[in-house]
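The primary structure of each chain is shown beneath.
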Amino acid sequence: MAQLNITLNQEEILQLLSNDRDAAFKELLQNALNSILAAEATAQVGAERYERSEDRSTSRNGTRDRGLTTRIGHITLRVPRLRDVPFKTLIFDNYSRSEAALILAMAEMVVNGVSTRKVSKVMETLCGTSFSKSAVSEVCKELDAQVEAFRSRPLEKRFPFVTVDATYFKVRENGRIISKAFMIAYGVNEQGIREILGFDAYVNETKDTWKNFLMSLKKRGLHGLLLITSDAHEGLRDGLCKVFPDVPWQRCQFHFSKNIAEKAPKKYQAAIRAELHEMYNCETIKAARRKRDEIIDNYKDVAEAATGLPGRRF
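Overview of the structure. On a predicted model such as this, the values are computed, not experimentally measured, just so you know.

Let us now look at the overall build of the protein chain. When its secondary structure is counted, the protein chain shows eleven helices and eight strands. The buried share among the 314 residues of the protein chain stands at 43%. Taking as baseline every contact in the protein chain between residues at least 6 positions apart, the subset at least 24 positions apart corresponds to 58%. If you sum the accessible surface of the protein chain, you get close to 17700 Å²; carbon and sulfur atoms cover 48% of it.

What follows is about the packing of aromatic side chains. Counted under the stated rule, the structure contains four aromatic pairs. When the ring of tyrosine 202 is compared with that of phenylalanine 213, the centres are 6.4 Å apart and the planes differ by 80°; the resulting orientation is edge-to-face. On the criterion of sequence distance, the pair formed by tyrosine 202 in strand E6 (residues 194-202) and phenylalanine 213 in helix H6 (residues 207-219) is long-range, its members being eleven residues apart. There is no split in this pair, since tyrosine 202 and phenylalanine 213 are both buried. Residues tryptophan 210 and phenylalanine 213 carry aromatic rings whose centres are separated by 5.9 Å and whose planes lie at 70° to one another, so their mutual orientation is edge-to-face. Highlighted residues: tryptophan 210 and phenylalanine 213, both in helix H6, separated by three residues, approximately one helical turn. In this pair, the class of tryptophan 210 matches that of phenylalanine 213, namely buried. Grouping aromatic residues by their ring pairs yields a cluster made of Tyr202, Trp210 and Phe213. A cation sits over an aromatic face here: arginine 153 above phenylalanine 150, 4.6 Å from the ring centre.

Ranked by size, the top nonpolar core spans 46 residues in total, and within it Leu33, Val119 and Leu126 carry the most contacts. Those elements that place two or more of their residues in this core are helix H2 (23-45), strand E3 (73-82), helix H3 (91-112), helix H4 (116-127), helix H5 (133-152), strand E5 (176-188) and E6. The biggest single contributor to this core is H2, with ten residues. Sequence-distant contacts of valine 119, defined by excluding residues within four places in its chain, comprise Met109, Val114, Val136, Val139, Cys140 and Leu143. In this structure, Ala166, Ala185, Ile228 and Val243 belong to the second largest nonpolar core, which totals 21 residues.

This part takes up the pairing of strand E2 (residues 60-70). Inspection of the sheet shows E2 paired to E3 by nine bridges, in the antiparallel sense. Within the sheet, the bridge partner assigned to threonine 63 lies in E3 and is proline 80. The turn joining E2 and E3, which pair antiparallel and follow one another in sequence, is formed by two residues.

Further remarks concern the environment of valine 85. By the secondary structure assignment, valine 85 is in the loop between E3 and H3. A residue is classified by how much of its surface remains accessible, and valine 85, at 40% relative accessible area, is partly exposed. Considered as a pair, valine 85 and serine 59 are 26 residues apart in the sequence and their alpha carbons are 9.1 Å apart.

Our next topic: the pattern of salt bridges. Under the counting rule described, the total for this entry stands at eleven salt bridges. When the shortest N-O distance is used, the salt bridge between aspartate 200 and arginine 151 registers 3.7 Å. On the criterion of sequence distance, the pair formed by aspartate 200 in strand E6 and arginine 151 in helix H5 is long-range, its members being 49 residues apart. A relative accessible area of 29% places arginine 151 in the partly exposed class. Among the ionic pairs, lysine 291 bridges to glutamate 278, the shortest N-O distance being 3.3 Å. Taken together, the positions of lysine 291 in helix H10 (residues 285-299) and glutamate 278 in helix H9 (residues 266-280) put the pair 13 residues apart, joining distant regions of the chain. Note on lysine 291: relative accessible area 11%, which makes it buried. What emerges from the salt-bridge pattern is a single network uniting Glu275, Glu278, Lys291 and Glu294.

Attention now moves to H6. With 13 residues, H6 extends 18 Å between its outermost C-alpha atoms, agreeing within 8% with the 18 Å of an ideal straight helix rising 1.5 Å per residue. Among the residues of H6, Thr209, Trp210, Phe213, Leu214 and Leu217 are the ones counted as buried. What you see down the axis of H6 is that its buried residues fit within an arc of 125°, all on one side. Facing away from the buried side of H6 by over 90 degrees, the exposed positions are Asp208 and Lys219. Backbone geometry just downstream of H6 places glycine 221 in the positive-phi region, at approximately 110°.

Conventions we followed
Residues numbered from 1 in each chain as written. Predicted model: local features only at pLDDT ≥ 70, side-chain atom pairs only at ≥ 80, totals over all residues. Heavy atoms only, no water. Helix = DSSP H or I, 4+ residues; strand = E, 2+ residues; numbered from the N terminus. Buried < 20%, exposed > 50% of the residue type's maximum accessible area, 1.4 Å probe, protein only. Contact = heavy atoms within 4.5 Å. Areas by Shrake-Rupley, 256 points an atom, 1.4 Å probe, with all protein chains shown as cover. Phe/Tyr/Trp six-rings, centres within 6.5 Å; stacked < 30°, edge-to-face > 60°. Lys NZ or Arg CZ within 6 Å of the ring centre and 35° of its normal. Core = buried A, V, L, I, M, F, W, Y, C linked by side-chain atoms within 4.5 Å. Pairing = 2+ DSSP bridges. Salt bridge = Lys/Arg side-chain N within 4 Å of Asp/Glu carboxyl O. Expected span 1.5 Å × (residues − 1). Arc of directions from axis to C-beta.

Function cannot be inferred from these measures alone, as they are strictly geometric.
This is the structure:
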């Protein structure tokens, strides 16, 4: 199997996850931290749960709940209790300083698979101490199961509004650095909450790769769609027509503005984007068309390519 290692852009991923207020990734983060707390308890007890060992110094005495506020929402951790000595952890003290790196590491685990080295580093950073290989291995096993559950979770809610997009990341594959398409879909459910629905890496954006990605969402139960928003990539449009043929499609305003502005001289690009934004926010279609004609009239002499060829207007 090819070795795949995607280095995610920290700001993009943190921004994306910060907007994801659903329980899915939040639960994954919560479970990961609970697994690390359990590993700390094993180290301090000197034995696994129910294990007989001469190294045992005390025994477990249940757990207590303690909340932790993160940039993707509030989570509740199960803090172990020990019978004869207090349980010690630095997770709550170190979390705020390590949050960005931790969330990014979790995102990379979802894309690339759980890495023993990465998990070991996260545990050491949060807990202020190193762990044995067996302890790290045990946490990795738990995280493997949690990550797979996150990636393949059923999409049981209705998502009326769905957005799909792709960006390119540098990937180390078989010892070479190449570029791959990272496809992502997020939806807004009936309560108005935005949620990451799925993402995956492909060699490129083609009709087949987009169809495969969209089919994976449909097989997991994606339903209730009223509108899909995306850029106008030919492969993506073809995939949407084949997988969700009855769902109306809308071109993404951000990509539309970007495509138009980039055809204009640089000194006019910011102004054109601002005027397009005004057009999008018009209260009626009549007012929007009037604004469109105004933009074309204002820039047709200085940005002909942006306003359209003769006989063709945006």
